[in-house]
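Tertiary structure, described
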Amino acid sequence: MSFSRPPEGKPAVDRYALGQRSKLGGKPDWQQYDGTPSCNKCRKRMPFVAQIDSIEHNDATNPHAVSSLSQQQHYMFADVGMLYVFFCFDCLMTHALLQF
């Protein structure tokens with residue numbers, strides 16, 4: 001997997017390309033609702049750092065696909081879920097959450 005800056009005016013990821021939606025920075029592509037957490041220490045909303053997709057979704061267009069029947073899917077978060085990572089730069093606190 002590689003990360004690169006998207007062309008100006010283009011989204012970083014295709015929200016429908018299951019297994020290929022990981023990214024660093026920008027704004028989260030929420031699966032359900034805006035779940036931006038607040039820092040447990042200073043109570044400020046935490047900046048978004050990254051989203052990590054369930055990369056092994058079994059889809060013909062996914063280069064990381066692993067058959068769901070193989071029991072070898074190591075990076076399937078719930079039902080094709082997404083992990084979201086946040087970091088408070090003032091307090092050095094982290095928070096991650098899952099949506100699916």
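My aim in this report is to walk through the structure given alongside it, one point at a time. (Residues numbered from 1 in each chain as written. Predicted model: local features only at pLDDT ≥ 70, side-chain atom pairs only at ≥ 80, totals over all residues. Heavy atoms only, no water.)

1. Thoughts on the pattern of salt bridges
This is how it is decided: For this document, the term salt bridge refers to a Lys or Arg side-chain nitrogen within 4 Å of an Asp or Glu carboxyl oxygen. Helix and strand assignments follow DSSP, with helices taken as H or I runs no shorter than four residues and strands as E runs no shorter than two, numbered in order from the N terminus. The buried label applies to any residue whose accessible area, calculated with a 1.4 Å probe on protein chains only, is under 20% of its type's maximum; exposed applies above 50%, and partly exposed to all values in between.
Per the stated rule, a full pass over the model turns up four salt bridges. Between D34 and R45 there is a salt bridge, and its shortest N-O distance comes to 3.6 Å. Note that D34 is positioned in the loop between β1 (23-24) and β2 (48-53) and R45 in the loop between β1 and β2, a separation of eleven residues in sequence. Taking relative accessible area as the criterion, D34 reaches 46% and is therefore assigned partly exposed. The exposure class of R45 is exposed, given its relative accessible area of 55%. One salt bridge connects D90 with K44, and the closest N-O pair in it is separated by 3.4 Å.

2. Thoughts on the pairing of strand β3 (residues 82-88)
For clarity, the cut-off: A pair of strands is considered paired only if DSSP assigns at least 2 bridges between the two.
Here β3 shows a clear split, with M82, Y84, F86 and C88 buried on one side and none of L83, V85 and F87 buried on the other. With five bridges connecting them, β2 and β3 associate as antiparallel partners. Within the sheet, the bridge partner assigned to Q51 lies in β3 and is Y84. For β3 and strand β4 (residues 93-99), the ladder comprises seven bridges, and the chain directions are antiparallel. Each residue of the ladder has a partner; that of V85, found in β4, is A96.

3. What to know about the nonpolar core
Applicable threshold: As used in this record, nonpolar core signifies buried Ala, Val, Leu, Ile, Met, Phe, Trp, Tyr and Cys residues forming a set joined through side-chain atoms within 4.5 Å. By the convention used here, residues are in contact when the closest approach between their heavy atoms is within 4.5 Å.
Counting residues in each nonpolar core, the largest one holds ten residues, listed as W30, C39, M46, F48, M82, Y84, F86, C88, C91 and L97. If one sorts the elements of this core by residue count, β3 sits on top with four residues. Those residues in contact with W30, other than ones at most four positions away along the chain, are R15, G35, T36, Y84, F86, L97 and Q99.

4. What about the side chain of K23?
The test is simple: Nitrogen and oxygen atoms within 3.5 Å of one another constitute a polar contact, given that in protein one can donate a hydrogen and the other can accept it, and given that sequence-neighbouring residues count only through two side-chain atoms.
Structurally, the position occupied by K23 is in strand β1. On the accessibility criterion, K23 (9% relative accessible area) is buried. One polar contact links the side chain of K23 to the main-chain carbonyl oxygen of K27, over a distance of 2.5 Å. Discounting residues that sit within four places of it in the chain, K23 has contacts with F3, A12, V13, D29, F48, V49, A50 and Q51.

5. Let's talk about the pairing of β2
Strand direction decides the pairing type here: β1 and β2, joined by two bridges, are antiparallel. Counted as the bridge partner of L24 is A50 from β2.

6. Examining the side chain of Q51
With respect to the secondary-structure elements, Q51 resides in strand β2. A residue is classified by how much of its surface remains accessible, and Q51, at 1% relative accessible area, is buried. For Q51, the side chain forms a polar contact with the main-chain nitrogen of D29, separated by 2.9 Å. Not counting residues up to four positions away in its chain, the partners in contact with Q51 are V13, R21, S22, K23, P28, D29, M82, L83 and Y84.

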